[in-house]
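So the chains spell out like this:
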Amino acid sequence: MESLIEGFNHFQQSVFPAQRAAYERAAKAQTPHTMIITCSDSRILLERIFCCELGELFVYRNVGNIVPPYGQQVTGEAAAIEYAVSALKVRHIVICGHSDCGAMKALAHPHELEDKPSTAAWLKHAETARHIVAHRKHSADPNAQSHELSHLIEENVMAQLDHLRTMPIVAARLVSGDLQIHGWIYDIAKAELRSFDPAARMFSLIEPSQPYGPRREGALAAS
Ligand SMILES: [Zn+2]
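It should be emphasised that the depicted structure is a prediction, and the values quoted were computed from it without experimental measurement.

A.B. asks: Residues and numbers for the overall build of the protein chain, please.
C.D. replies: Regarding its fold elements, the protein chain presents 9 helices and 6 strands. Sorting the 223 residues of the protein chain into buried and exposed places 38% on the buried side. The contacts in the protein chain between residues at least 6 apart in sequence include a share of 65% that link residues at least 24 apart. Carbon together with sulfur atoms contributes 55% to the accessible area of the protein chain, which is approximately 12900 Å² in total.

Have a look at this one:
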């Protein structure tokens, strides 16, 4: 706890004064352009890696960046997505998986979840990914076993995009062209981002379009 209090003190005394005007503006309303649904993993610092300003990202986190299919039950995910789309009018929703995902490791080894019944039940929403990867493992693909975790991470993002489309408000906005959905995978060690190409059914590296420089002087990420 002490490190958090010390961190907040640093923010309050050394970071905030220089950005006071931005915080005061943001305190009145939020206008995020993008909702990101990602894993609760502590290594994913979204505002830092995307160099985002205050109020740009509407973030929802859970174990395994999962979106339960619509209609099964009332979920926090559904409420957050509805709010993001209908009230905040975000233009994009990103499902962002990541390398070394503990949830996907657990999915691959369900026996390790015997003493974690809630996690086991939650990960049923990723069962499609597990089945696809297990089927591939038993097929003739020689690389399937060694890349099992990365395949699970990819298939899970694809499955959650499918679940996202089951939400009526998302489906309607996709048809009208007011919303786009994206599947990304963030590699922590390499600082790489891969994007799902629905036409090719594969992920490809997002290449920087131009040399990156300090994008925003007041970005929270630079704090
Ligand atoms: Zn994770």
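A.B. asks: Talk me through the coordination of the zinc ion; I want residue IDs and the actual numbers.
C.D. replies: Looking at the zinc ion, the protein donor atoms are C39 (SG), H98 (NE2) and C101 (SG), and they sit 2.0 to 2.3 Å from it. For C39, a relative accessible area of 6% gives the class buried.

A.B. asks: I'd like a rundown of the packing of aromatic side chains, residues and numbers included.
C.D. replies: Within a pair of aromatic rings, the relevant descriptors are the distance that separates the centres and the angle that separates the planes. Taken as a whole and assessed by the stated rule, the structure comprises 7 aromatic pairs. Between the aromatic rings of F16 and Y23, the centroid separation amounts to 5.4 Å while the plane-to-plane angle is 65 degrees, which identifies the pairing as edge-to-face. Pairwise contacts between aromatic rings join F8, F11, F16 and Y23 into one cluster.

A.B. asks: A description of the pairing of strand 3 (residues 92-98) should follow, citing residues and the corresponding values.
C.D. replies: Consecutive residues of a regular strand have side chains that alternate between opposite faces of the sheet. Taking burial as the measure, the 7 residues of strand 3 include 6 buried ones, the bulk of the element. Across 5 bridges, strand 1 (residues 34-39) lies against strand 3 in parallel orientation. Bridge pairing in strand 3 links I36 to V94. Looking at chain direction, strand 3 and strand 4 (residues 180-187) are connected through 7 bridges and run parallel. Bridge pairing links V94 to H182 in strand 4.

A.B. asks: Provide a residue-level description of the sheet that holds strand 2 (residues 57-62), including the pertinent values.
C.D. replies: The 6 strands lie next to each other as 2-1-3-4-5-6, forming an open sheet whose pairing is mixed. On the outer flanks of this sheet lie strand 2 and strand 6 (202-205), each paired with one strand and no other. Ignoring strand direction, the axes of neighbouring strands in this sheet form an average angle of 30 degrees. Against the sheet, helix 4 (residues 76-87) makes contact with strand 1, strand 2 and strand 3, and its axis sits at roughly 170 degrees relative to strand 2, the strand it touches most. Against the sheet, helix 8 (residues 148-165) touches strand 3, strand 4, strand 5 (192-197) and strand 6, its axis set at about 160 degrees to strand 4.

Calculation criteria
- Residues numbered from 1 in each chain as written.
- Predicted model: local features only at pLDDT ≥ 70, side-chain atom pairs only at ≥ 80, totals over all residues.
- Heavy atoms only, no water.
- Helix = DSSP H or I, 4+ residues; strand = E, 2+ residues; numbered from the N terminus.
- Buried < 20%, exposed > 50% of the residue type's maximum accessible area, 1.4 Å probe, protein only.
- Contact = heavy atoms within 4.5 Å.
- Areas by Shrake-Rupley, 256 points an atom, 1.4 Å probe, with all protein chains shown as cover.
- Donors = N, O, S within 2.8 Å, 3.2 Å for Na, K, Ca; no water.
- Phe/Tyr/Trp six-rings, centres within 6.5 Å; stacked < 30°, edge-to-face > 60°.
- Pairing = 2+ DSSP bridges.
- Axes fitted to C-alpha atoms, helices over the stretch in contact; angles between N-to-C directions.

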